[in-house]
Amino acid sequence: MVISYLFATSKVPLLLLMFVHARGSVGHVGYPPPPLWKDVPESLDEFTSQNNKIVINPWNYIERMGMYKVLLNVTAKYMTSLGPNNTGNVLWGLPLQHGWQFHTGRLADPTNTSSCGTQTGDHLCISIKSWWACINYYLAAIPFLAAIETGLFEDWPVEFEILPPGEMADDFCYTVSGCYSLIPDMMIKWKAFFEYLKRSTSNNQDTENLDQILYYMWIAHRASILAVPKFSERLRYISRPEASFGVNWANTVEFIAATHFHTNYEETSRFQTRLPRRVLVDGDNAPYIADLSAEENHTLVMFYWIQRINTFLGGGLLKLWRRAMCTEPGRAKGRQLLENMTMNPKFVPSGIYYVMVQLSRNQACPHH
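Residues numbered from 1 in each chain as written. Predicted model: local features only at pLDDT ≥ 70, side-chain atom pairs only at ≥ 80, totals over all residues. Heavy atoms only, no water.

Scanning the model with the defined rule gives 17 salt bridges in all. Among the salt bridges present, the one from Glu233 reaches Arg234, with a minimum N-O distance of 2.1 Å. Arg322 serves as the salt-bridge partner of Glu254, at 2.8 Å between the closest nitrogen and oxygen. With Glu254 in helix 10 (residues 240-258) and Arg322 in helix 13 (residues 316-324), the pair connects residues that are 68 residues apart, well separated along the chain. Salt bridges here are not isolated pairs; linked through shared partners, they connect Asp211, Glu328, Arg331 and Arg335. (Salt bridge = Lys/Arg side-chain N within 4 Å of Asp/Glu carboxyl O. Helix = DSSP H or I, 4+ residues; strand = E, 2+ residues; numbered from the N terminus.)

In C-alpha cells form, the structure reads like this:
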C-alpha cells in the first residue's frame, strides 16, 4: 500500500527538520528576461492599429507576450514598493512561464504537420494544437480583457480586437462580453484582482496587503487553470511523459497557489530553473533522463509524487495542504517546504505526506 510506504522511510523525521530550517537564500536579480523581450511591445500603441482599433494576434509569441508586458507596465504603479524597476510585480509569473514554454518548444505544433513554432519555419507561431498554448491563452487574454473592463487602459480610448486562431476558434473568447458568456468565473475573479489592486496604493504595501494581493491573484490564476480539462484532447498530440508532466504541473500549481507564492521576477525565475529544458519524449523516465540536470529530474519526480499521492487520497493531500496554509505563518512554511522539495535532490518523495500532516497539525487555523 502507498500509505504504508510513505511512513516506511526512516529519513522522514530528518526531512521535517530539514524543511523547518531551510530558508533558501534569495540571490540577486541576475536571471535573463523572457526570450525576445526587447522585441515585445511595451504599450498598446506599439501593436497594429486598423480602423481605430488595436489589433492583437495572441497566436504570435511576440504579441501574446506583449499583452503580458503591457499588463506589467499598467500595474507597475500599484506595486512600486515590492521591488526596483517593477521586478516585484506579482504578474511576472505569467510572462516568465510563457517565455519558458516558448524557449523549450512547447508552443510549437506537436503533430509536426506544420512549421508553426519550429526554428526552420514560423518560429513565432503559437500552435492551436499545443496543449500548453491553449491553457496559456486563458492566462493571457482573460487577465488582459479583465484589466480593460476594470479601467486600467483609460489612457487608450480605442477599441481592441483580439484575433481568433485559424481553426477551433470556438474553444476561446475574444471580447469582454464574449468571455463573460463563455467563462464568467474567470472574468469575475480576474476583475476582482485588478479591482483590489486599484484600491491598494503604493504606500500601503505592507506584508498583510501583499498577502491579499497574492490571494486575489492566485484565486484568478486557479480559475484560469480550470481550463485544463477543456483541452484534455490536446494531450493526445504529445508523448505520454510530456502529457503526464503537464497534468502533474497543473496539479502542483494548486499547491503553489495555496502558499501565496510570490510570483515576482526573481522568485519565479529561480523556480523555473528546475523545470525541464525541453519537451519530454517517449522513453523519458525521471530521474533517469540523461540530458536533463539532476535538479530537473528531481522536480519531475516530485511533481509526479504529489499528483500520485493526491489522486490516491481522492484529493485529500490538497485538502490537507490547504488547511496547513490557513495562516500566513503556515503559508511561509509551505513556501519553504515547496522550495526544499524542488531545490533539494536529497528530499525523499515518499516523505511528502508525513511532512504535510505534521505541518497541518501545527497550524492553529482561525475559526469561521
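Of all the eight residues making up helix 11 (residues 265-272), eight are buried; the element is thus mostly covered by neighbouring parts of the structure. Considered for burial, the residues of helix 11 that qualify are Tyr265, Glu266, Glu267, Thr268, Ser269, Arg270, Phe271 and Gln272. If you follow the buried residues of helix 11, they end up packed against helix 4 (93-103), helix 10, helix 12 (294-312) and helix 14 (328-343). (Buried < 20%, exposed > 50% of the residue type's maximum accessible area, 1.4 Å probe, protein only. Contact = heavy atoms within 4.5 Å.)

Of the residues in the chain, 87% have a pLDDT of 70 or more, and the chain-wide mean is 87. For the stretch residues 1-28, pLDDT sits under 50, and the model shows 47 contacts to residues farther than four places along the chain or on other chains. (pLDDT = per-residue confidence, 0-100.)

Right, let's talk about the packing of helix 8 (residues 184-199) against helix 9 (residues 207-225) for a bit. Helix packing geometry: the angle between the two helix axes and the distance between the axes. Helix 9 packs onto helix 8 with a crossing angle of 165° between their chain directions and a minimal axis gap of 8 Å. One way to sum up the angle between helix 8 and helix 9 is to call them roughly antiparallel. The way helix 8 lies across helix 9 gives a crossing that is left-handed. In contact with Asp185, Met186, Lys189, Trp190, Ala192, Phe193, Tyr196, Leu197 and Arg199 of helix 8, helix 9 contributes Asn209, Gln212, Ile213, Tyr216, Met217, Ile219, Ala220, His221, Ala223 and Ser224. Its residues assigned to classes, the contact of helix 8 with helix 9 comprises twelve nonpolar, four polar and three charged. (Axes fitted to C-alpha atoms, helices over the stretch in contact; angles between N-to-C directions. Parallel < 35°, antiparallel > 145°, perpendicular 65-115°, else oblique. Left-handed = near helix turned anticlockwise from the far one by under 90°. Nonpolar A, V, L, I, M, F, W, Y, C, P; charged D, E, K, R; others polar.)

The next point concerns empty space enclosed by the protein. This structure, assessed with the given rule, holds one cavity of 30 Å³ or more. If you add up the space inside the largest cavity, you get close to 400 Å³. If you trace the largest cavity, you find 27 residues lining it, with Gly93, Gln97, His221, Trp249 and Val253 closest to the centre. At the level of elements, helix 4, helix 5 (131-137), helix 9, helix 10 and helix 11 are the ones that each hand at least two residues to the lining of the largest cavity. Considered class by class, the residues forming the lining of the largest cavity number 19 nonpolar, eight polar and no charged. (1 Å grid on protein atoms, 1.4 Å probe; cavity = no way out; pocket = protein on both sides within 12 Å on 5 of 7 lines; lining within 4 Å. Points joined across faces, edges and corners; volume = space filled by probe spheres on them.)

Further remarks concern helix 4. With respect to burial, helix 4 is a largely interior element, ten of its eleven residues being buried. Within helix 4, the full set of buried residues consists of Gly93, Leu94, Pro95, Leu96, Gln97, His98, Gly99, Trp100, Gln101 and Phe102. Each element contacted by the buried residues of helix 4 is listed here: helix 3 (61-75), helix 5, helix 8, helix 9, helix 10 and helix 11. Looking one or two places after helix 4, you find Gly105, whose phi comes out positive at around 85°.

Throughout this description, disulfide means a covalent bond between two cysteine sulfur atoms. Scanning the model with the defined rule gives two disulfides in all. Disulfide pairing places Cys116 opposite Cys125 at an S-S distance of 1.9 Å. The sign of the -90° torsion about the S-S bond sets the Cys116-Cys125 disulfide as left-handed. On the basis of relative accessible area, Cys125 is assigned to the buried category, the value being 18%. Between the sulfur atoms of Cys173 and its disulfide partner Cys179 the distance amounts to 2.1 Å. Judged by the sign of its S-S torsion, about 100°, the cystine formed by Cys173 and Cys179 is right-handed. Note on Cys179: relative accessible area 0%, which makes it buried. (Disulfide = S-S within 2.5 Å.)

As a further point, take the pairing of strand 2 (residues 53-56). With three bridges connecting them, strand 1 (residues 48-50) and strand 2 associate as antiparallel partners. Among the inter-strand pairings, Gln50 is bridged to a residue of strand 2, identified as Lys53. What sits between strand 1 and strand 2 in their antiparallel hairpin is a turn of two residues, with Asn51 showing a positive phi close to 50°. Alignment of strand 2 against strand 3 (residues 159-162), held across four bridges, turns out to be parallel. Note on strand 3: the bridge partner recorded for Val55 is Glu161. (Pairing = 2+ DSSP bridges.)

Here we take up the environment of Leu36. Mapping Leu36 onto the fold places it in the loop between helix 2 (12-21) and strand 1. Through-space distance from the C-alpha of Leu36 to that of Gly99 is 8.8 Å; in sequence the pair is 63 residues apart.

For the rest of this paragraph, the subject is the sheet that holds strand 3. Read from one edge of the open sheet, three strands run 1-2-3, paired in mixed fashion. Where the open sheet ends on each side, the last strands, each with one partner, are strand 1 and strand 3. With strand direction ignored, the average angle separating the axes of adjacent strands in the sheet is 35°.

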